[in-house]
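Given next are the chains, with one letter for each unit.
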Amino acid sequence: MAFEFVKEQVEQRKQQQLFRQRRCQSSAQGRLIEIDKQGFVNFSSNDYLGLSHHAKVIEAWKNGAERYGVGSGGSPLVTGFQQAHYELEETLCDWQGREGALLFNSGFSANQSVIKALLSKNDLLIQDKLNHASLMEAGVLCNAHFTRFKHNSMPQLAKKLASQNSDNCLVITEGVFSMDGDQAPLRSISDLCKRHKAWLMVDDAHGVGCLGYHGAGSLNHQGLSSDDVQIQMITFGKALGVSGAAILCSQELKDYLINFDKSYVYSTAMPAAQACAISEAIKVLQTEPELQQNLESNIALFKHLAKESGVALTDSNTAIQPIIVGEAEKALLMAQSLQNMGFWVSAIRPPTVPVNTARLRVTISSHHQEQDIVGLIKAISELNKDNYDHR
Ligand SMILES: *Cc1c(COP(=O)(O)O)cnc(C)c1O
């Protein structure tokens, strides 16, 4: 029988408590969500600032659709590059202090694009071990030599850089790590890269909107400029509340990608209306700094209450606050119990995270109210009193 592994792998996932299923939401994205007719306080979303339902962003999308229609009609080299796309690129360059910005339909495809377009046989790709699956997969699939360094370990990165003799070397890390919420020491990484003539790329999917002046992101937050990091990837589907992504780089690299990057050239451009919504979301970051401030005070409240109640957290200072529980089954049971108490928190299990580090991935948003956070911490500390290990 052909493709027998399909059935086998699904069975195996089920047996290991690692089988994944989608849950259909009947409500809008927001502080409260409705799933299977039950309401929950949402502690799972990456919509850290509530921009996915911000009135101005919705209005911008509507106006964009009125003006441009709902689809771009083609790839960027055909009909898919309109005034709204151009304006968003200009806005991104101004905001991030970059020469070039290029739009993609997703962070996943932007990451894969850069790796595939830049690296070939005699090149070296070095990545942090905890980088996102889109980066890891492209690393495995590309023709370059691919090696990983222990999460945030500067000695290991230094060693790998010192011993390389590739034609071109690209180092990739994340600004804020998606499953842990901790940050990369970007200054040290950038210094090492400069010393060894490697390029540095930073995936800032979870930093942009949340960190730095007016949400400019991790580079701004850590005091780095475009001279320190050659390639920056930001996504619009997280704190910006919309969808899509951009690569920020030099004009030269931008021109190269427009000419040689297949996923840019051969994919229908994002709708212009979406570009309008993203531009508006960036404007909101600049005009409503209280969203970012609320997020910061909610994170501080969560951490303070957790400490008071003896709920063990990691040292993350960002909106991503994992509670490491270990076994996948235990994480699932805890998430289920929290659902019964009205809180939607995702259990993150291997292979998304390393074996024995299954976790509840709590995400905090600017729209959470004090009572939400107080309630969640109370619920988690009650669960900790039950000993889930012995069920
Ligand atoms: C979500 C995410 C991506 C993918 O971005 P999408 O726009 O959702 O495809 C890439 N990198 C990191 C670190 C992410 O968290």
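None of these values were measured; they are calculated from a predicted model.

About the cut-offs
Residues numbered from 1 in each chain as written. Predicted model: local features only at pLDDT ≥ 70, side-chain atom pairs only at ≥ 80, totals over all residues. Heavy atoms only, no water. Axes fitted to C-alpha atoms, helices over the stretch in contact; angles between N-to-C directions. Helix = DSSP H or I, 4+ residues; strand = E, 2+ residues; numbered from the N terminus. Parallel < 35°, antiparallel > 145°, perpendicular 65-115°, else oblique. Left-handed = near helix turned anticlockwise from the far one by under 90°. Contact = heavy atoms within 4.5 Å. UniProt positions renumbered as here; feature names shortened; annotations may be inferred. Near = heavy atom within 4 Å. Polar contact = N/O pair within 3.5 Å; in protein donor to acceptor, adjacent residues only side chain to side chain. 1 Å grid on protein atoms, 1.4 Å probe; cavity = no way out; pocket = protein on both sides within 12 Å on 5 of 7 lines; lining within 4 Å. Points joined across faces, edges and corners; volume = space filled by probe spheres on them. Nonpolar A, V, L, I, M, F, W, Y, C, P; charged D, E, K, R; others polar. Domains from an automatic or database assignment. Core = buried A, V, L, I, M, F, W, Y, C linked by side-chain atoms within 4.5 Å. Buried < 20%, exposed > 50% of the residue type's maximum accessible area, 1.4 Å probe, protein only.

Enquirer: Explain the packing of helix α13 (residues 328-340) against helix α14 (residues 370-385) here, please?
Expert: Each pair of packed helices gets described by two things: the angle between the helix axes and the distance between those axes. It is the contact of α13 with α14, at a shortest axis distance of 10 Å, that shows an interaxial angle of 130 degrees. As far as their axial angle goes, α14 and α13 are oblique. α13 and α14 meet at a crossing whose hand is right-handed. Counted together, Met334, Ser337 and Leu338 of α13 and Leu376, Ala379, Ile380, Leu383 and Asn384 of α14 form the full contact between these two elements.

Enquirer: Looking at this model, I keep getting lost on unusual backbone geometry. Mind explaining?
Expert: Where the residue is not glycine, phi is negative for most of them; where a peptide bond is considered, it is trans in most cases. Residues proline 350 and proline 351 are joined by a peptide bond in cis, for which omega reads 5 degrees. Within the secondary structure, proline 351 is located in the loop between β12 (346-348) and β13 (358-363). The backbone phi angle of phenylalanine 3 is positive, close to 55 degrees, even though this residue is not glycine. Mapped onto the secondary structure, phenylalanine 3 falls in the segment before α1 (5-15).

Enquirer: How should the UniProt feature "domain: Aminotransferase class I/classII large" (unreviewed entry) in the protein chain be read in this particular structure?
Expert: The residues that UniProt annotates with the feature "domain: Aminotransferase class I/classII large" (unreviewed entry) are residues 40-380. The straight-line gap between the two end C-alpha atoms of residues 40-380 is 15 Å; of that span, 43% is helix and 17% is strand.

Enquirer: Could you clarify how one ought to interpret the site of the ligand in this entry?
Expert: Taken together, the neighbourhood of the ligand is formed by 14 residues, with Gly107, Phe108, Asp203, His206 and Lys238 sitting nearest. Glycine 107 places a polar main-chain atom, nitrogen or oxygen, 2.7 Å from an oxygen atom of the ligand. Here an oxygen atom of the ligand sits 2.9 Å away from a polar atom, N or O, in the main chain of phenylalanine 108. Going through the elements one at a time, α4 (107-118) and β8 (231-235) are the ones with two or more residues in the shell around the ligand. When residues of the shell around the ligand are assigned to their parent elements, the largest contribution, 3 residues, is made by α4.

Enquirer: Help me out: how do you make sense of empty space enclosed by the protein in this one?
Expert: With a probe scaled to a water molecule rolled over the atoms, the places where space remains empty come into view. Scanning all chains against the criterion turns up 2 cavities of 30 Å³ or more. Each residue belonging to the lining of the largest cavity can be placed in one class, and the counts come to 1 nonpolar, 11 polar and 2 charged. It is helix α12 (residues 289-308) that contributes the most residues to the lining of the second largest cavity, 3 residues altogether. Summarising the domain contributions, the lining of the second largest cavity has at least three residues from each of domain 1 (22-52 + 289-385) and domain 2 (55-287).

Enquirer: Can you walk me through the nonpolar core in this structure?
Expert: Across soluble globular proteins, nonpolar side chains show a tendency to be buried alongside one another. Residues Phe43, Leu92, Trp95, Phe236, Leu338 and Leu376 are the most contacted members of the largest nonpolar core, which totals 66 residues. Here this core gets 9 residues from one element, more than from any other, and that element is helix α11 (residues 272-287). When residues of this core are sorted by domain, at least three fall in each of domain 1 (22-52 + 289-385) and domain 2 (55-287). Aside from chain neighbours lying at most four places away, what touches phenylalanine 43 is Phe343, Trp344, Val345, Arg361, Val362, Thr363, Ile364, His368, Asp372, Ile373 and Leu376. Ranked by size, the runner-up nonpolar core spans 23 residues in total, among them Leu102, Val114, Leu135 and Met201.

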